[in-house]
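Take a look at the letters that make up each chain.
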Amino acid sequence: MSQVLHTPPHSPAHAEDDLAALAARYGLSVSGARPSLPEYVRQLWARRHFITAFATAKLTAQYSQARLGQIWQVATPLLNAAVYYFIFGVLLGTKHGVADYIPFLVTGVFVWTFTQSSIMAGTRAISGNLGLVRALHFPRAALPISFALQQLQQLLFSMAALVIILFCFGIPVGPSWVLTVPVLFLQFVFNAGVSMVMARMGAKTPDIAQLMPFVLRTWMYVSGVMFSIDSTLKHTSLPHAVQVFLEANPAAVYIDLMRFALIDSFRADQLPHHVWAYALGWALLAGIGGFVYFWKAEERYGRG
């Protein structure tokens with residue numbers, strides 16, 4: 001009688017271990033696997049030139065089909081400010097009690113537009129660029145960051161028109177104007193962080209992009225773009241929780257800081273207490289938290 005030599009079959013777990021060992025021996029890694037957070041930061045920094053070039057190209061192409069071209073970068077927020085001035089300043093009377101109301105309003109509109117446009121662009125950063133995401137290997141956070149950078153570049157173009165408006169209303173250049181640099185930096189970090197949060201959510205649920213205009217419009221109405229939060233709190237008896245919400249609202253914080261930097265009639269006592277702590281705290285919370293939140297889903301972008 002012949003004896004048959006039986007070789008015990010490998011278990012699936014043992015087979016996976018063998019494959020993992022074989023891949024490690026030849027330096028292979030999982031395609032599209034999420035890198036560690038420090039490595040991800042290094043990869044993102046290595047693509048910094050791509051981020052700036054992509055943002056500039058998007059900004060240049062934004063109004064390429066319009067006859068007035070890049071003039072719309074300044075004309076669009078100015079037209080929005082004109083509409084808000086007529087509705088809120090004239091019809092609703094929010095300009096009463098606010099010194100230099102037109103510079104006050106235009107500054108608020110420009111700074112708010114920076115946040116609004118960054119978040120809207122970030123919401124579609126992945127879902128609207130699936131061809132790029134699936135074709136090339138790069139840290140996906142480069143997309144929402146580049147869109148936030150694009151909106152910062154557009155704001156800087158608009159600031160030229162804002163400076164002219166300030167001069168027309170007799171507001172001189174002052175030492176406080178240097179504060180615009182840290183304010184814009186903190187706001188950019190905040191906008192980029194929120195954009196990364198919305199980019200991840202928008203990648204999974206594209207319908208969020210249809211909901212965001214309503215959310216952002218509501219946010220604008222409580223951010224003091226068209227009215228003075230300080231005057232409102234002084235002349236109304238709102239609940240304490242509502243007052244804290246209005247003062248700590250990140251959009252309102254950056255708007256008020258920019259008004260304080262540029263408009264000499266906007267005094268320090270009109271700012272909320274600990275306003276710089278608010279500005280720094282929101283930037284760190286959104287910037288770091290949004291970056292980590294986005295990184296955790298890195299390997300899932302563009303799939304499915």
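The rules we used
Residues numbered from 1 in each chain as written. Predicted model: local features only at pLDDT ≥ 70, side-chain atom pairs only at ≥ 80, totals over all residues. Heavy atoms only, no water. Helix = DSSP H or I, 4+ residues; strand = E, 2+ residues; numbered from the N terminus. Buried < 20%, exposed > 50% of the residue type's maximum accessible area, 1.4 Å probe, protein only. Contact = heavy atoms within 4.5 Å. UniProt positions renumbered as here; feature names shortened; annotations may be inferred. pLDDT = per-residue confidence, 0-100. Phe/Tyr/Trp six-rings, centres within 6.5 Å; stacked < 30°, edge-to-face > 60°. Lys NZ or Arg CZ within 6 Å of the ring centre and 35° of its normal.

## Digging into the overall build of the chain
Part 1: When helices and strands are counted, the chain shows 13 helices and zero strands.
Part 2: Listed by position from the N terminus, the elements making up the chain come as α-α-α-α-α-α-α-α-α-α-α-α-α.
Part 3: Every one of the 304 residues in the chain was classed for burial, and the buried ones make up 44%.
Part 4: For the chain, restricting intrachain contacts to residue pairs at least 6 apart in sequence, the fraction spanning at least 24 positions comes to 80%.

## Re the UniProt feature "transmembrane region" (unreviewed entry) in the chain
Part 1: Look at the UniProt record and you will see "transmembrane region" (unreviewed entry) annotated at residues 71-92, 98-115, 155-173, 179-199, 211-229 and 275-295.
Part 2: A helix fraction of 83% and a strand fraction of 0% characterise residues 98-115, whose end C-alpha atoms lie 24 Å from each other.

## Quick word on the confidence of the model for the chain
Part 1: Put simply, the chain has an average pLDDT of 85, and 86% of its residues get 70 or more.
Part 2: Per-element confidence in the chain ranges from a low mean pLDDT of 60 for helix α1 (residues 12-25) to a high of 97 for helix α13 (residues 275-295).

## Things to note about unusual backbone geometry
Part 1: The phi torsion at D100 lies on the positive side, around 50 degrees, for a residue other than glycine.
Part 2: Considering the arrangement of structural elements, one finds D100 in the loop between α4 (72-91) and α5 (101-123).
Part 3: At H274, a residue that is not glycine, the phi angle is positive and equals roughly 60 degrees.
Part 4: Inspection of the secondary structure puts H274 in the loop between α12 (250-262) and α13.

## Here we look at the packing of aromatic side chains
The geometry of two aromatic rings is summed up by the distance between their centres and the angle between their planes.
Part 1: On inspection of all chains with the given rule, the structure shows twelve aromatic pairs.
Part 2: Both rings, one in Y40 and one in F291, keep their centres 5.6 Å apart while their planes meet at 45 degrees; by these two values the pair is tilted. Here F291 lies in helix α13 and Y40 lies in helix α2 (residues 37-46), a separation of 251 residues in the sequence.
Part 3: Overall, the relative accessible area of 0% leaves Y40 in the buried class.
Part 4: Between the aromatic rings of F190 and W219, the centroid separation amounts to 6.5 Å while the plane-to-plane angle is 70 degrees, which identifies the pairing as edge-to-face. One end of the pair, F190, is in helix α8 (residues 180-204); the other, W219, is in helix α9 (residues 208-221), with 29 residues separating them in the sequence.
Part 5: Ring pairing ties together the aromatic residues W112, F190, W219, Y254 and W282, which thus form one cluster.
Part 6: Directly above the ring of W295 sits R34, whose terminal nitrogen or CZ lies 4.5 Å from the centroid.
Part 7: Lying across the ring of F104, R259 places its NZ or CZ 3.5 Å from the centre.

## Remarks on the environment of A283
Part 1: For A283, the location among the structural elements is in helix α13.
Part 2: Classification of A283 by relative accessible area gives buried; the value is 3%.
Part 3: As a C-alpha pair, A283 and F188 span 95 residues in sequence and 8.1 Å in three-dimensional space.
Part 4: Ignoring any residue separated from it by four or fewer positions in sequence, one finds A283 in contact with L186, V189, F190, Y254 and I288.

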